[in-house]
Amino acid sequence: MSAVTAADVVVVGAGAAGIACAVRAARAGARVVLVEKDTRIGGTLHLTGGHLAAAGTRRQRERGIDDTPQDHLDDLTRISRGTARRDLADRFVRHAAATVDWLVDLGLDLAPETPRIVHGHEPYGTPRTYYGVDAGMSLLAVLERELDHVARPGGVEVWTRAAVVGLLTDAGGRVVGVEADRAGADVEVRAPAVVLATGGYGASPELFAELEGVPLVSAASRTSTGDGIHLGLSAGARLQGQGMHLPSFGGLPDAATPGRANWADRQLLTAERPPVEIYVDARGRRWVAEDEPSIDEKERALARLDDGTFWTVFDEAALTEASGSRRRLVVGKEPDEVRAMANRRVGVHAAGSVAELALAAGIDADGLVATVAEYGEAVAAGTDPRFGRRHLPAPIATPPFYAIRNHAITLVTFQGLDVDDAMRVRSEHGVPIDGLYAVGEVIGAGATCGNSFCSGMLLTPAITFGRLLGDRLGAATRTGAA
């Protein structure tokens, strides 16, 4: 027989959204059980850059930056091309500044240059992106400290090594708790409110293939296996975000694990430096203007490649010049470090001729030789008739020649459980499922980003909606209206 624990709220998943929801519910008077399948809490905060976005914060006012929630919403609408959920976006931008201010009040040590405009995604028109001095770990530190303050009987009870394997429902279909495997023991948590905050499905090749229909090369958290989506579907939930998938632009293959990419070794975007390389597909053909300033346009072009694989091709002269933090080809690596990886690190190749390079990298040799020659002609003529590239510094002509394999990679996933603006999970018929809520990536990045990457528009809504939901569920325990 399973052991039974009673609570007012059970939160499944101890990442940013789940912790925020749990601590705020406890602060408002609820007894909370926070269930995490990993051995540690934090989820993707261990990997993310921790970017937050909000308009109208104290930090902006202190620095003389005039910004409003409407400005934020307008930028989001522009970047997402109107594909984000308007109801969720409108609610988020009105509460985002309070979230950032709350985190600062808890002790978040913001990087001194923030807020700023970042170019890893399509940029905002106003500096409104923030992050801690230690990226996502800065956020985890303050959330973990706040969790410690409420982690007590009658506050938040934290379970790690506890995988939720099913939802409990009553005869009327209301969700009334969860079943879990806690370190090998079957347990139940009975609660009138269940919050799914389990993250996405970027580490589940099977679910990714089913939902997106394209190969998965992942840099997501290894715990992002779609658990919350499976749980929601078992209760009759429907999904949102279909057709919103967009890959992140390039990451080197993981040296040890097939199907994964190493985001830390990504190449420095050409929006941040002038390109000295060309991008080619498996046929050896270029497929985009390498100096295209819009990362969004590049990601959309990348999504059209058959398998999301491409190679960055350059020569020794270009590599020699690629020194310094604003000119490196690979983030954090000087030319000698790139040379040392060649023909040793998976996906990094060097050869004495372009044809030999193609054979070593698995690129069509005739195609690559022709493309390098065509690019050299464009450099000589000062114009690129194929894609309109404007920055044409030098031909690829000085051996050795290099090719670095890159992939369209998945950091976040776009489909998720459909929710209303109160974060109640909705059924296939569009009505809320009593007792079931969802926050964070489990609702899909498409809900708040639409078909785009928009700075801070996954992590900040996760914390914001988690905070607001926790407040509401905690208050409901005092009135009996959960």
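The residue numbers shown here count from 1 along each chain, following its written sequence. Local features in this predicted model are restricted to residues whose pLDDT is 70 or higher, and side-chain atom pairs enter the listing and the counts only when it is 80 or higher, whereas totals over whole chains, interfaces and linings include all residues. Only heavy atoms go into the side-chain values, all of them from the structure, while hydrogens and water stay out.

The name given to the protein in an unreviewed UniProt entry is Fumarate reductase flavoprotein subunit, with the source organism recorded as Mumia flava. Taken from UniProt, the Cofactor (unreviewed entry) comment for the protein reads in full: "FAD". UniProt positions are given in the numbering used here, feature names are shortened, and annotations may be inferred rather than shown by experiment.

Caption draft 1: Broad picture of the environment of Asp148. Residue position: Asp148 is located in helix H5 (residues 135-150). Sequence-wise, Asp148 and Val23 are 125 residues apart; in three dimensions their C-alpha atoms are separated by 9.2 Å. Helix numbers and strand numbers start at the N terminus; a helix is a DSSP run of H or I with at least 4 residues, a strand a run of E with at least 2.

Caption draft 2: A look at the environment of Ser452. Considering the arrangement of structural elements, one finds Ser452 in the loop between helix H13 (445-449) and helix H14 (459-479). Whether two residues touch is decided by their heavy atoms; if any such pair falls within 4.5 Å, the residues are in contact. Ser452 has contacts with Ile79, Ser80, Leu246, Asp296, Arg300 and Phe414, leaving out every residue within four places of it along the chain. A 3.5 Å cut-off defines polar contacts: any pair of N or O atoms within that distance qualifies, except that in protein one atom must be a possible hydrogen donor and the other a possible acceptor, and neighbouring residues in sequence count only when both atoms are side-chain atoms. A polar contact of 2.6 Å, which involves the side chain of Ser452, links it to the backbone oxygen of Cys449.

Caption draft 3: Geometry of the pairing of strand S8 (residues 175-182). Criterion used throughout: strands pair if DSSP finds at least two bridges between them. Bridging between strand S7 (residues 162-169) and S8 involves 7 bridges; their strand directions are antiparallel. Looking at S8, one finds that Ala162 is bridged to Arg182. Adjacent in sequence and paired antiparallel, S7 and S8 are bridged by 5 residues, among which Gly173 carries a positive phi angle near 90 degrees. Relative to strand S9 (residues 185-190), S8 runs antiparallel, the two sharing 6 bridges. In the sheet register, Asp181 faces S9, and the bridge partner there is Asp186.

Caption draft 4: Structural context of helix H12 (residues 365-381). Given a helix with a known number of residues, its expected span is that number minus one, times 1.5 Å. Taking 1.5 Å per residue as the helical rise, H12 with its 17 residues ought to reach 24 Å, and the 24 Å between its terminal C-alpha atoms agrees with that figure. Those residues of H12 not exposed but buried are Ala365, Gly367, Leu368, Thr371, Val372, Tyr375, Ala378 and Val379. Looking straight down H12, one finds that the buried residues subtend no more than 160 degrees of arc, so they occupy a single side. Relative to its buried face, H12 has exposed residues pointing more than 90 degrees away, namely Asp366, Glu377, Ala380 and Ala381. For H12, the elements touching its buried residues are strand S15 (278-280), strand S16 (309-315) and helix H11 (354-361). For H12, the N-terminal capping position is held by Asp364, with its side-chain oxygen 3.4 Å away from the main-chain nitrogen of Asp366. Gly382, located one to two residues past H12, shows a positive phi value of around 75 degrees. Exposure classes here rest on a 1.4 Å probe applied to the protein chains alone. A residue is buried below 20% of its type maximum, exposed above 50%, and partly exposed in between. Working note: the arc is built from the helix axis to C-beta atom directions.

Caption draft 5: Inspection of the sheet that holds S8 at higher detail. If you trace the 4 strands from one edge of the open sheet to the other, you get S1-S9-S8-S7, paired in mixed fashion. This sheet does not close on itself; its edge strands, each paired only once, are strand S1 (3-6) and S7. Across the sheet, the mean angle separating the axes of adjacent strands is 25 degrees when strand polarity is ignored. Note on geometry: axes are lines fitted to C-alpha atoms, helical ones only across the stretch in contact, with angles between N-to-C directions running from 0 to 180 degrees.

Caption draft 6: Structural view of the domain arrangement of the protein. Each domain's extent is set by a domain assignment, obtained either automatically or from a database. Structurally, the protein comprises domain 1 (3-239 + 413-479) and domain 2 (248-409). Here the C-alpha centre of domain 2 lies 36 Å away from the C-alpha centre of domain 1. Taken together, the 15 residues of domain 1 in the interface contact 18 residues of domain 2. For any pair of parts, buried area is found by adding up, for both, the accessible area (1.4 Å probe) each one loses once the two are put together. Each partner contributes to the roughly 1,500 Å² buried at the junction of domain 1 and domain 2, and carbon and sulfur atoms together form 45% of this total. For this document, the term salt bridge refers to a Lys or Arg side-chain nitrogen within 4 Å of an Asp or Glu carboxyl oxygen. Across the contact surface, domain 1 and domain 2 share 2 salt bridges. A salt bridge links Arg81 to Asp296; the nearest nitrogen and oxygen atoms lie 3.0 Å apart. Connecting domain 1 to domain 2 are 6 residue pairs in polar contact (both at pLDDT 80 or more).

Caption draft 7: Looking closely at the pattern of salt bridges. Evaluated as defined, the whole model comprises 29 salt bridges. Note that Glu277 and Arg273 form a salt bridge whose closest N and O atoms lie 2.6 Å from each other. According to the relative accessible area criterion, Glu277 is buried, its value standing at 0%. With its nearest N and O atoms 2.9 Å apart, the salt bridge here joins Arg300 to Asp296. Linking Arg300 with Asp296, this pair stays in helix H8 (residues 295-303), spanning 4 residues, or about one helical turn. The same class applies to Arg300 as to Asp296, namely buried.

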